[in-house]
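Architecture and fold: a report
Listed here are the chains, written in short residue letters.
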Amino acid sequence: MVVEQKVKIDRFGNAWPATLEFCPECGQPDNCGDCTHKQLTTSEVGWLGGWVRLHSEQKYNRMHYNFVAKRLRNHYPHERRAISDTDVIYDSGARRVIEDIAMEFAHRFLADNPEFDAPAFLDQCSPDPESFPFSELWRIDDNE
Ligand SMILES: [Zn+2]
């Protein structure tokens, strides 16, 4: 499954919307092919639609990602619960709630850290990414 990255990080650590054209050398936006590979200033980055990344302002880290993913994964009802010999119940309501929470955290973490790998995090929230690929939710959300 290929999930497109929404954000690209240049050599200097600044983040850019992935829809721009980039210099292959330094990764900064370059529409004309005459990039000097010198780091753009903070105001230039802002003007071009990028985000200057300030590590000191990052609120969350891998420890938070793992903590949230584990809690959601452990509470996701993934067993088919037999209610009789022929019927099973899938707890679809509880699943949707957990998927919504996972998506909300994914958006929050990405806003906090442009390098955050939302699809990978989402699959980490799933007790079984083969059967329940949470990263699909991200792709669907993207297409809306
Ligand atoms: Zn360049």
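Residues numbered from 1 in each chain as written. Predicted model: local features only at pLDDT ≥ 70, side-chain atom pairs only at ≥ 80, totals over all residues.

1. Describing helix H3 (residues 92–112)
For an α-helix, 3.6 residues make a turn, and residues three or four places apart therefore share a direction. How we decide: Numbering of helices and strands runs from the N terminus; a helix is a DSSP stretch of H or I covering at least four residues, while a strand is a stretch of E covering at least two. Here the expected span of a helix is defined as 1.5 Å times the quantity of residues minus one. With C-beta atoms placed from the backbone, a residue counts as buried when 20 or more other C-beta atoms lie within 10 Å of its own, as exposed when 12 or fewer do, and as partly exposed for counts between those limits. The reported arc concerns the directions from the helix axis to the C-beta atoms and nothing else.
An ideal rise of 1.5 Å per residue puts 30 Å on 21 residues; H3 measures up with 30 Å between its terminal C-alpha atoms. Of the residues making up H3, those classed as buried are Ile 98, Ala 102, Phe 105, Ala 106 and Phe 109. The buried residues of H3 occupy an angular sector of 105° when the element is viewed end-on, so they sit on one face. Residues of H3 that are exposed and point over 90 degrees away from its buried face: Ser 92, Gly 93, Arg 96, Asp 100, Glu 104 and Ala 111.

2. Some thoughts on the nonpolar core
Here is the rule: Joining buried Ala, Val, Leu, Ile, Met, Phe, Trp, Tyr and Cys residues through C-beta atoms within 7 Å gives a set, and that set is a nonpolar core. Here contacts are defined at the residue level, using C-beta atoms placed from the backbone and a cut-off of 7 Å between them.
Of all hydrophobic cores here, the largest spans 18 residues; its most connected members are Leu 72, Ala 102, Ala 106, Phe 121, Leu 122 and Cys 125. Those elements that provide at least two residues to this core are helix H2 (62–75), H3, helix H4 (118–124) and helix H5 (135–143). Broken down by element, the residue count for this core peaks at five residues, all from H3. If we skip the residues at most four places from it in the chain, Ala 106 touches Ala 118, Phe 121, Leu 122 and Trp 138.

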